[in-house]
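Chain by chain, the residues:
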Amino acid sequence: MTQELTSPSPAPQAAGPDRGRGWWRDAVIYQVYVRSFSDSDGDGIGDLRGVRERLPHLKDLGVDAVWLTPFYASPQADGGYDVADYRAVDPLFGTLADADDLIRTAHALGLRVIVDIVPNHTSDRHPWFTDPELARQRYVFRPGKGTRGELPPNDWESVFGGPAWTRTDRGDWYLHLFAPEQPDLDWERPEVHEEFAAILRFWLDLGVDGFRIDVAHGMVKAPGLPDIGHGAQARLIGSQVLPFFDQDGVHAIHRTWRRLLDGHRQAGGREVIGVAEAWAPSAERLALYVRPDELHQAFNFQFLSAPWDADALRGVIDSSLAATVAVGAPTTWVLSNHDVVRHTTRLGGLARARAATLLMLALPGSAYLYQGEELGLPEVTDLPAEVRQDPAFFRGNGQGGDGASAADGSGDGGQDGFRDGCRVPLPWSGALPPYGFGPGGSWLPQPADWGRLSVAAQTGDPSSTLELYRGALELRRRLPGLGDGEMAWQPAPEGVLAVRRPGMLCTVNTRPGDVEIPLPGELLLASAPVAAGGTSAVLPGDSCVWWAI
């Protein structure tokens, strides 16, 4: 597709104290799952114009950047992560002009824009794959095993359940680590490298400020594609070495992309970033993605997966900081996204979710928020099968990616077939569905009691989760000790964490009951009411408090 748009809008300047070390080192970045954020045309599906119209909400919330999930031309077999044309906007979401308008509006509001790039696989409708000869030059094809090639080339399983191979009418097999409609590209082919470099330049020329790299750990496979030897392989992702993920060869790709991003900065004066969605078996392996000559950030899924336990949280925080400090990179923190159970449900309730968020925002580095968490939205665990659209649900016969039932909405990494539950469209206003999501309905049904959780219902209520997020983000911008920088643990009772940052102390009570502590200083913000007076303070169970010291 030929770029016909005008020159990009200038990126916003960093707000708050200028640390001079890169805006991304302590940015708060808000993830927008486009189809569920806001619908402008009444078809029940969110779109780019809807996102643009709601950007003032993100400005008022106090975030620094917005990350958009894929809006490219796609058959939507996996919510847009099956891309047919990386340079076109799917009509479901708008036009290229809508994307341009969104980027310009965001920049005018002081927000940066990060877009998804999906390099591990394309759609099976991509022009490369629909051409049988070209497909075998761009994707991973292998002959089958067995006397007639009737068996898959190896025992690899799809993340979504079932075999990772599909046989073609020619008798050979192609690899798809996700859905069959998402064939894996062959990154040993130079044409693949050239195409994705051109795609990155296309969107940089349009004015985006960075890329979130989907499955950044997946493009390179182990030589010979060796068997794993057992099933339930999706449950091993992020905990064990696998021959299809986190191979050393992916780092050469990321180093090439870092040179491209740095070259764009030098030519255009804009600091643009690359963010790895990478599952690695250790914090040390994850840190390899953010070495000085590779990407700027990598998602910290170890923190997301940590239980609500003081010792476990401290261990994950320590290992995460140690690994990234060793390579000079900031740590990122995230509690929810479009692939996992919302942390309000996963951690066991809103009180813990609010406390976990305040802890996350007090830690050194950058933080990611997922749309709706600022409203305290829970996971929707009772969606009927007939409305679900997650391919993992159907690949697992309605029981999850590996066939293991998880009716409570919990599960390993969110790849349990219940990802639709965290993708239900947002409530903006009103007492009845679709709660201001758009002039029509919504592509997934919204719970009947979500009116009380809407943006309009929570705005101005000092006890609401929305106002807690707004207050925390305002303080994070205003207090020079928050964001990137030093932290130290302070002595605390069992089950309590005390994190010292310059000029402030964050206390977290992970126990269900009250805990009395010496009064640390002036109360700044709390996730629950705190009794403080004289020389002591009482931390409610499952709470977090920020103190000025």
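Chains are numbered independently. Their residues run from 1 in the order of the written sequence. This being a predicted model, a pLDDT of at least 70 is required before a residue's local features are given, and a value of 80 or more before pairs of side-chain atoms are given or counted; all residues contribute to the totals for chains, interfaces and linings. Where side-chain values are given, they derive from all heavy atoms of the structure, hydrogens and water being excluded.

**Considerations on the sheet that holds strand β2 (residues 65-68)**
What links the strands of a sheet is backbone hydrogen bonding, and the strands pair in either a parallel or an antiparallel sense. Here, strands pair whenever DSSP counts at least two bridges between them. Every helix listed is a DSSP run of H or I at least four residues long, and every strand listed is a run of E at least two residues long, numbered separately from the N terminus. Read from one edge to the other, the open sheet built from 8 strands follows the order β11-β10-β9-β5-β2-β1-β13-β12, with strand pairing classed as parallel. Among the strands making up the open sheet, the edge pair consists of β11 (297-298) and β12 (332-334). Of the pairings in the sheet, the one linking β12 to strand β13 (residues 366-370) comprises 3 bridges and is parallel in character. The residue of β13 that forms the bridge with V334 is Y368. Residue contacts are counted whenever heavy atoms from the two residues lie within 4.5 Å of one another. Throughout, an axis means a line fitted to C-alpha atoms (over the contacting stretch in the case of helices), and angles, computed between N-to-C directions, take values from 0 to 180 degrees. Packed on one face of the sheet, helix α11 (residues 350-362) meets β1 (28-32), β12 and β13 and runs near 150 degrees to β13.

**Quick notes on unusual backbone geometry**
Along the chain, P433 connects to P434 via a cis peptide bond; the corresponding omega equals 10 degrees. Looking at the secondary structure, you find P434 in the loop between α12 (391-395) and α13 (455-458). A positive phi is found at Q76, a non-glycine position, where the angle reads about 65 degrees. With respect to the secondary-structure elements, Q76 resides in the loop between β3 (72-73) and β4 (85-89). The phi angle at D246 is positive, at roughly 55 degrees, despite the residue not being glycine. Topologically, D246 is positioned in the loop between β9 (210-213) and α6 (250-268). Residue D246 is classed as buried on the basis of its relative accessible area of 8%. Type-normalised accessible area, obtained with a 1.4 Å probe on protein chains alone, sets the label of each residue: buried when under 20%, exposed when over 50%, and partly exposed for intermediate values.

**What to know about the packing of helix α1 (residues 48-61) against helix α14 (residues 465-478)**
It is at 8 Å that the axes of α1 and α14 come closest, and there the two elements cross at 60 degrees. Of the possible angle classes, the one that applies to α1 and α14 is oblique. Contacts from H57, D60 and L61 of α1 reach α14 at L466, Y469, R470 and L473. Orientation categories follow fixed angle ranges, with anything under 35 degrees roughly parallel, anything over 145 roughly antiparallel, 65 to 115 roughly perpendicular, and all other angles oblique.

**Considering the pairing of strand β16 (residues 504-509)**
Of all the 6 residues making up β16, 6 are buried; the element is thus mostly covered by neighbouring parts of the structure. Here β16 shows two buried faces, one formed by M504, C506 and V508 and the other by L505, T507 and N509. Pairing geometry for strand β15 (residues 496-501) and β16, over 6 bridges, is antiparallel. Each residue of the ladder has a partner; that of R500, found in β16, is L505. Linking β15 back to β16 in an antiparallel pair, the connection comprises 2 residues, with G503 at a positive phi of about 85 degrees. Inspection of the sheet shows β16 paired to strand β21 (residues 543-548) by 6 bridges, in the antiparallel sense. Bridged to M504 within β21 is A548.

**Focus on empty space enclosed by the protein**
Definitions used throughout: a 1 Å grid over protein atoms alone; a cavity as a set of points that fits a 1.4 Å probe which cannot get out; a pocket as an open set with protein on both sides within 12 Å along at least five of seven lines; a lining residue as one with an atom within 4 Å of a point. Grid points are joined across faces, edges and corners, and a volume is the space filled by probe spheres set on the points. In total, this model carries 6 cavities of 30 Å³ or more according to the counting rule given. A volume near 90 Å³ is recorded for the largest cavity. Residue lining of the largest cavity: A283, L286, A287, V290, A298, N300, S320, A323, T324, P330, T331 and T332, and that is the complete set. At the level of secondary structure, the elements contributing two or more residues to the lining of the largest cavity comprise α7 (283-287) and α9 (310-325).

**Remarks on the packing of aromatic side chains**
Each aromatic ring pair is specified by the distance between its two centres and by the angle formed by the two planes. Aromatic rings from Phe, Tyr and Trp, with only the six-membered ring used for Trp, were paired whenever their centres fell within 6.5 Å, and each pair was classed as stacked if the ring planes differed by under 30 degrees, edge-to-face if by over 60, and tilted otherwise. Throughout the structure, instances matching the rule amount to 23 aromatic pairs. Measuring from ring centre to ring centre gives 4.0 Å for W279 and F301, while their planes differ by 5 degrees; the resulting arrangement is stacked. Here F301 lies in helix α8 (residues 301-305) and W279 lies in the loop between β10 (273-276) and α7, a separation of 22 residues in the sequence. Just as W279 is buried, F301 falls in that class too. Between the aromatic rings of F299 and Y368, the centroid separation amounts to 4.7 Å while the plane-to-plane angle is 75 degrees, which identifies the pairing as edge-to-face. Of this pair, F299 sits in the loop between β11 and α8 while Y368 is found in strand β13, placing the two residues 69 residues apart along the sequence. Y368 carries the same exposure label as F299, and that label is buried.

**Looking at the sheet that holds β21**
The strand order across the open sheet built from 5 strands is β14-β15-β16-β21-β18, with neighbouring strands paired in antiparallel fashion. In this open sheet, the two strands that pair with only one neighbour each are β14 (488-489) and β18 (522-526). Here α11 sits on the sheet in contact with β15, β16, β18 and β21, set at roughly 40 degrees to β21.

**Here's the deal with the nonpolar core**
Counting residues in hydrophobic clusters, the biggest one holds 162 residues, and the most contacted among them are L68, F71, W203 and W546. The greatest single-element share of this core, amounting to 9 residues, is contributed by helix α5 (residues 190-206). Excluding residues that lie within four positions of it along the chain, W203 makes contacts with F71, Y72, Y86, R87, L96, A99, V208 and F211. Counting 9 residues, the second-largest nonpolar core is a separate cluster that includes V496, I517, L539 and V545. To define a nonpolar core, start from buried Ala, Val, Leu, Ile, Met, Phe, Trp, Tyr and Cys residues and group those joined through side-chain atoms within 4.5 Å.

**Focus on the pattern of salt bridges**
The salt bridge definition used is simple: a Lys or Arg side-chain nitrogen within 4 Å of an Asp or Glu carboxyl oxygen. Summed over the entire model, instances satisfying the criterion amount to 29 salt bridges. Residue D78 pairs with R419 through a salt bridge whose shortest N-O separation is 3.1 Å. Of this pair, D78 sits in the loop between β3 and β4 while R419 sits in the loop between α12 and α13; the two residues are 341 residues apart in sequence, bridging distant segments of the chain. Each member of the pair, D78 as well as R419, is classed as buried. Residue D390 is joined to R419 by a salt bridge in which the shortest nitrogen-to-oxygen separation is 2.7 Å. Of the two residues, D390 is situated in the loop between β13 and α12 and R419 in the loop between α12 and α13; the sequence distance between them amounts to 29 residues. Neither residue differs from the other here; D390 and R419 are each classed as buried. Through salt bridges with shared partners, a single ionic network connects D78, D339, D390, R419 and R423.

**Observations concerning the pairing of β1**
The buried fraction of β1 amounts to 5 of the 5 residues, a majority that puts the element mostly inside the structure. Side chains V28, Y30 and V32 of β1 all project onto a buried face; the interleaved residues I29 and Q31 project onto the opposite face, where all are buried too. Where β1 meets β13, 4 bridges bridge the pair, whose relative direction is parallel. If you follow Y30 over to β13, its bridge partner there is L369. Of the pairings in the sheet, the one linking β1 to β2 comprises 4 bridges and is parallel in character. For I29, the partnering residue across the bridge sits in β2 and is A65. For the segment spanning β1, α1 and β2, crossover handedness is right-handed. For the handedness criterion, the strands are oriented away from the viewer, and a crossover whose path from the first strand over the helix to the second runs clockwise is classed as right-handed.

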